[in-house]
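Listed below are the residues making up each chain.
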Amino acid sequence: MYEDDEFEYIYPILEESYEPVLVHLRYNFFPHEVMNKAVRISEQGESHELLESHSLKTLKDNLSVMALHSASNEIAGVCLNGILRNGDLEKDLEMLKTLSDEKYKLIFTLLTKFNLSCNIFEREQVDELFECRILSVDNKFRGKGLAGKLVELSEEIGRKEGFKVMKADLTGAFSQKVFTKRGHEIIFEKKYEDMTDEDGEQLLKTDPPHYYFQTCIKRLDD
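Within any chain, residue numbers begin from 1 and follow the written order of that chain's sequence. Where totals are concerned, whole chains, interfaces and linings use all residues; where local detail is concerned, this predicted model gives features only for residues with pLDDT of at least 70, and gives and counts side-chain atom pairs only at 80 or more. Side-chain measures here rest on the full set of heavy atoms in the structure, leaving out hydrogens and waters.

By the criteria applied, helices consist of DSSP H or I runs no shorter than four residues and strands consist of E runs no shorter than two, each listed in order from the N terminus. A count of helices and strands for the protein gives eight helices and eight strands. The C-alpha radius of gyration of the protein comes to 17 Å, within 12% of the 17 Å expected for a compact globule of 222 residues. Judged by the C-alpha coordinates and their principal axes, the protein covers about 55 × 40 × 30 Å. Only protein chains enter the accessibility calculation, which uses a 1.4 Å probe. A residue is then buried if its area is under 20% of the maximum for its type, exposed if over 50%, and partly exposed in between. Within the protein, the proportion of its 222 residues that are buried is 51%. For the protein, the exposed area adds up to about 11300 Å²; of that, 45% sits on carbon and sulfur atoms. Just so you know, the count uses Lys and Arg for positive and Asp and Glu for negative, and it drops His and the chain ends. For the purpose of locating charges, the reference atoms are NZ of Lys, CZ of Arg, CG of Asp and CD of Glu. Across the protein, the 29 positively charged side chains and the 43 negatively charged ones have centroids separated by 2 Å. We compute the radius of gyration from the C-alpha atoms alone; for a globule the expected value is 2.2 Å times N to the 0.38, where N is the number of residues. All accessibility values rest on the Shrake-Rupley procedure with a 1.4 Å probe; residue burial counts only the protein chains present in the view.

Rendered as structure tokens:
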């Protein structure tokens, strides 16, 4: 798809790479993503059935891109993109009620309710969204602009595939910086300290500098 002096960018991610991508996520994303870390959903290198099922479902939409380190052939980063269709959020909310994994259920119920409150389908007059679900860069390769490049390439994929709107949930300061730098519009924001249960207890106690959850969109047809 694209290559520079240090990385080769692969799209689509083929089935033979699904397991290596999951291994990358077990070490670099699942335990460290802001909301996951707040509830300690998994330990580094540990498998997590629901998170991996969510990732595999996304990979099978054939819209994701990964960066390979040219010298070592290691996965340096991935951007997992999928299709979100009108009506999916309501179905997801019902499905989440049936789960026994309370940590996963808490995170994804919050995400789904925040997304529903945005009314993106009605707001943008579309029936489907190009959704960036996971942006992950191996710690060894950070500071090279890799996350921004993966988002840029994802935008190109979305346009090529005919999507009008790209959407992402931004749980931490770093992803927020990447997406806003690329002109994505913040349409929803909520402080983690304001996410409380019926007793007023904070649901997710995040580490600095991660103070907000945000949802952003970008028109791909402008």
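Read on, since the account is not over.
Looking now at the side chain of T171. Mapping T171 onto the fold places it in the loop between β6 (165-170) and α8 (173-181). Take T171: its relative accessible area is 13%, and that puts it in the buried class. Within the local environment of T171, its side chain forms a polar contact with the side chain of E33, the two groups lying 2.6 Å apart. Whether two residues touch is decided by their heavy atoms; if any such pair falls within 4.5 Å, the residues are in contact. Filtering out sequence-adjacent residues up to four positions away, T171 remains in contact with E33, V34, M35, Q176, Y192, H210, Y212 and F213. We call two N or O atoms a polar contact when they sit within 3.5 Å, provided that within protein one can donate a hydrogen and the other can accept it, with sequence-adjacent residues counted only if both atoms are side-chain atoms.

Take helix α3 (residues 49-59) next. Within α3, the full set of buried residues consists of L51, E52, S55, T58 and L59. In an axial view of α3, the angular spread of the buried residues amounts to 120°, which keeps them on one side of the axis. With respect to the buried face of α3, the exposed residues turned more than 90 degrees away are E49 and K57. Where α3 is buried, its residues contact α1 (18-28), α2 (34-39), β4 (75-85), α5 (102-118) and β5 (128-137). This arc is built from the directions going out from the helix axis to the C-beta atoms.

With that settled, consider the packing of aromatic side chains. Working definition: an aromatic ring pair is given by the centre-to-centre distance plus the angle between the planes. Each pair of aromatic rings taken from Phe, Tyr and Trp, with Trp reduced to its six-membered ring, is defined by centres within 6.5 Å and is described as stacked if the planes are under 30 degrees apart, edge-to-face if over 60, and tilted in the remaining cases. Enumeration according to the criterion identifies eight aromatic pairs in this entry. Within the aromatic cluster, the residues linked to one another by ring pairs are F7, Y9 and F141.

Okay, α8 next. Buried within α8 are the following residues: S175, Q176, V178 and F179. Buried positions in α8, seen along its axis, are confined to an arc of 165° and lie on one side of it. Along α8, the residues that are exposed and aim more than 90 degrees away from the buried face are F174, K177 and K181. Elements that come into contact with the buried residues of α8 comprise β5, α7 (146-160), β6 and β8 (212-219). Taken from the residues just after α8, G183 is the one with a positive phi, measuring 85°.

What follows covers the pairing of β8. With six of its eight residues buried, β8 lies for the most part within the structure. The pairing of β6 with β8 spans six bridges and is antiparallel. Paired with M166 across the two strands is K218, which belongs to β8. Two strands pair if DSSP finds at least two bridges between them.

It is worth spelling out the pattern of salt bridges at this point. Here, a salt bridge means any Lys or Arg side-chain nitrogen found within 4 Å of an Asp or Glu carboxyl oxygen. Evaluation of the coordinates by the stated rule reveals 19 salt bridges. When the shortest N-O distance is used, the salt bridge between R133 and E131 registers 2.6 Å. Across the pair, E131 and R133 agree in class, each one buried. With its nearest N and O atoms 2.8 Å apart, the salt bridge here joins D221 to R219. Residue class for D221 comes out partly exposed when judged on its relative accessible area of 40%. What emerges from the salt-bridge pattern is a single network uniting R123, E124, E185, R219 and D221.

In this section: the nonpolar core. Residues V21, L25, M35, M66, L80 and F213 are the most contacted members of the largest nonpolar core, which totals 43 residues. Of all the elements, α5 adds the most residues to this core, at seven residues. Discounting residues that sit within four places of it in the chain, M35 has contacts with I107, L110, L111, T171, Y192, L204 and F213. Counting 28 residues, the second largest nonpolar core, distinct from the first, contains F7, C132, L170 and L220. Only buried Ala, Val, Leu, Ile, Met, Phe, Trp, Tyr and Cys residues count toward a nonpolar core, and they belong to the same one when joined by side-chain atoms within 4.5 Å.

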